[in-house]
Amino acid sequence: MTVLRLVGALLLAVLVSGSAPTVTPTDEAAIAFHFSRFSPDRATVPAGVPIHITLNNDDPIAHEWIVGPASIHEVHRKGTEAWHEGRPNEVSVPPYASRVTTVVFDQPGEFAFVCHLPGHEEYGMKGLVTVVSNSARVARAS
Ligand SMILES: [Cu+2]
């Protein structure tokens, strides 16, 4: 009986979600660094809540994960700080290592994440976080 009800609920969820490809915002994300690319290179998260992000570097070289508005990326394209630590939105990850960071995105919007080591952004080591309003998230969940 419970199983049937669960299946019914799942079917309903599928029907309600329809064919429109909506991405459910999540406060947990895992991003792999693999062959100097981010995987996945897209994430949708709610504004105003802590987002726990696990960064797994599968490569034999170090990478960095820097997220924020265009101004942050401009600074890092010309930056001289070789290693980033202590700021949740700027994380260096050694080869074959993982780091966990917690970021709060205050406002909805789109924020690029980029590895600014020389040549990596040009190679394609970049992605995009879409931050949606927290009320939209609550409305969707109900
Ligand atoms: Cu890199």
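The text that follows walks through the structure, step by step, so that each part is easy to find. Every chain's residues receive numbers from 1 upward, in the order its sequence appears when written. Only residues with pLDDT of 70 or above have their local features reported here, since the model is predicted, and side-chain atom pairs are shown and tallied only from 80 upward, although totals for entire chains, interfaces and linings are computed over all residues.

## Thoughts on the pairing of strand β6 (residues 90-93)
Part 1: The alternating pattern of β6 places Glu-90 and Ser-92 on one face and Val-91 and Val-93 on the opposite face, and all of these are buried.
Part 2: Only strands joined by at least two bridges in the DSSP assignment are considered to pair. Helix numbering and strand numbering both begin at the N terminus, where a helix is a DSSP run of H or I of at least 4 residues and a strand a DSSP run of E of at least 2. Direction of pairing for strand β5 (residues 63-68) relative to β6: antiparallel, over a ladder of four bridges. Across the sheet, residue His-63 finds its bridge partner in β6, namely Val-93. Working definition of burial: number of other C-beta atoms within 10 Å of the residue's own, with buried at 20 or more, exposed at 12 or fewer, and partly exposed in between, all C-beta atoms being placed from the backbone.

## A short note on the environment of Asn-134
Part 1: Counting through the fold element by element, Asn-134 comes out in helix α4 (residues 134-141).
Part 2: Take Asn-134: there are 15 C-beta atoms within 10 Å of it, and that puts it in the partly exposed class.
Part 3: Between the C-alpha atom of Asn-134 and that of Pro-108, which follows or precedes it by 26 residues, the distance is 8.6 Å.
Part 4: Here contacts are defined at the residue level, using C-beta atoms placed from the backbone and a cut-off of 7 Å between them. Once residues lying within four places of it in the same chain are set aside, the contact partners of Asn-134 are Pro-46, Ala-47, Gly-48 and Val-49.

## Notes on the sheet that holds strand β2 (residues 37-39)
Part 1: Pairing is mixed across the open sheet formed by four strands, whose spatial order is β2-β1-β4-β7. Here the strands that pair on one side only, and so sit at the sheet edges, are β2 and β7 (98-104). Looking at each pair of strands side by side, their axes are set apart by 25° on average, direction ignored. Every angle, taken between N-to-C directions, lies between 0 and 180 degrees, and every axis is a line fitted to C-alpha atoms, over only the stretch in contact when it is a helix.

## A short note on the nonpolar core
Proteins that are soluble and globular tend to have nonpolar side chains buried together.
Part 1: Note on definitions: a nonpolar core is a set of buried residues drawn from Ala, Val, Leu, Ile, Met, Phe, Trp, Tyr and Cys, linked by C-beta atoms within 7 Å. Of all hydrophobic cores here, the largest spans 23 residues; its most connected members are Leu-55, Trp-65, Val-67, Phe-113 and Val-129.
Part 2: Contributions of two or more residues to this core are made by β1 (28-34), β3 (42-46), β4 (50-57), β5, β6, β8 (109-114) and β9 (126-132).
Part 3: When neighbours within four sequence positions are excluded, Val-67 is seen to be in contact with Asn-89, Val-103, Phe-111, Phe-113 and Val-129.

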